Each structure stands twice: as structure tokens, then as C-alpha cells.
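Summary of the model geometry
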Amino acid sequence: MAMCEHLSHADDPSAQTPEGCAECLASGSRWVHLRRCLDCGHIGCCDSSPNKHATQHFHSTGHPVIQSFEAGEEWRWCFVDNQMA
């Protein structure tokens, strides 16, 4: 399967809150794993986290691609095409 257009054209912005999930930091919540939006650099928590802020960010902004923000992980995910790279 060919890589989707969103993954092929994903940017590499700096993390807005490298210390953790932006919304969880603001509310005092906890997270499991972190994801970085490759459109704007938003850091959100994964779908195994109680608040699923990375997915919420996609639904509110339409930014299609996230990348793991965990040490040693390089994978990316496109929400629109349900494809990993």
C-alpha cells in the first residue's frame, strides 16, 4: 500500500509543550503516552489515556497526522486515512 498524501506531506514542527500533554498539564490530569501533531506541534495524550487529547485535537482542528512523542518511537499515524508510517 502506498503512503497516503497526508503522511507524505507531514511537517516537523517543534513541540508546543515538550513537558507533556497540553490539556492534561492545564487540568492536572494524567496521561499514558504522548503524541505530537505534525501540523502545529500540539502535544496530546494517546487513546489509552483517560482524556484522549491527541484524537480530540484532530477532531477539533482537522490536523491529520500525529507522531509518537515517546523516546525511541518514530511511527506516524494519519487519522483521515487510518494509515501508519
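Digging into helix α3 (residues 53-61)
Inspection of α3 places His 53, Ala 54, Thr 55, His 57 and Phe 58 among the buried residues, and these make up the whole buried set. Packed against the buried residues of α3 are α2 (22-27), β1 (34-37) and β2 (43-45). Downstream of α3 by one or two residues, Gly 62 has phi in the positive range, about 80°.

As for the side chain of His 53
When you line up the elements, His 53 lands in helix α3. Those residues in contact with His 53 that sit more than four places away from it in its chain are Cys 21, Glu 23, Cys 24, His 42, Gly 44 and Cys 45.

Side note on the sheet that holds β2
Sheet architecture is open: five strands sit in the order β2-β1-β3-β4-β5, paired in antiparallel fashion. Edge strands, defined here as strands with exactly one partner in the open sheet, are β2 and β5 (83-84). One ladder, built from three bridges, connects β1 with strand β3 (residues 65-68); its direction is antiparallel. What sits directly across from Cys 37, in β3, is Ile 66. In the packing of α3 onto the sheet, the strands contacted are β1 and β2, and the crossing angle to β2 comes to about 120°.

Cut-offs used in this document
All residue numbers here refer to positions counted from 1 along the written sequence of the relevant chain. Residues qualify for local features only when their pLDDT is at least 70, as the model is predicted, and side-chain atom pairs are given and counted only at 80 or more; totals for whole chains, interfaces and linings, by contrast, use all residues. Side-chain calculation: all heavy atoms of the structure are included, whereas hydrogens and water are not. Each residue gets one of three labels from its accessible area relative to the maximum for its type: buried under 20%, exposed over 50%, partly exposed in between, using a 1.4 Å probe on protein chains only. Under the scheme used here, helices are H or I runs from DSSP no shorter than 4 residues and strands are E runs no shorter than 2 residues, and both carry numbers assigned from the N terminus. In what follows, a contact means two residues having at least one pair of non-hydrogen atoms within 4.5 Å. The pairing criterion for strands is at least two bridges between them, as found by DSSP. Orientation is described by lines fitted to C-alpha atoms, with helices fitted over the stretch in contact, and by angles between N-to-C directions that extend from 0 to 180 degrees.

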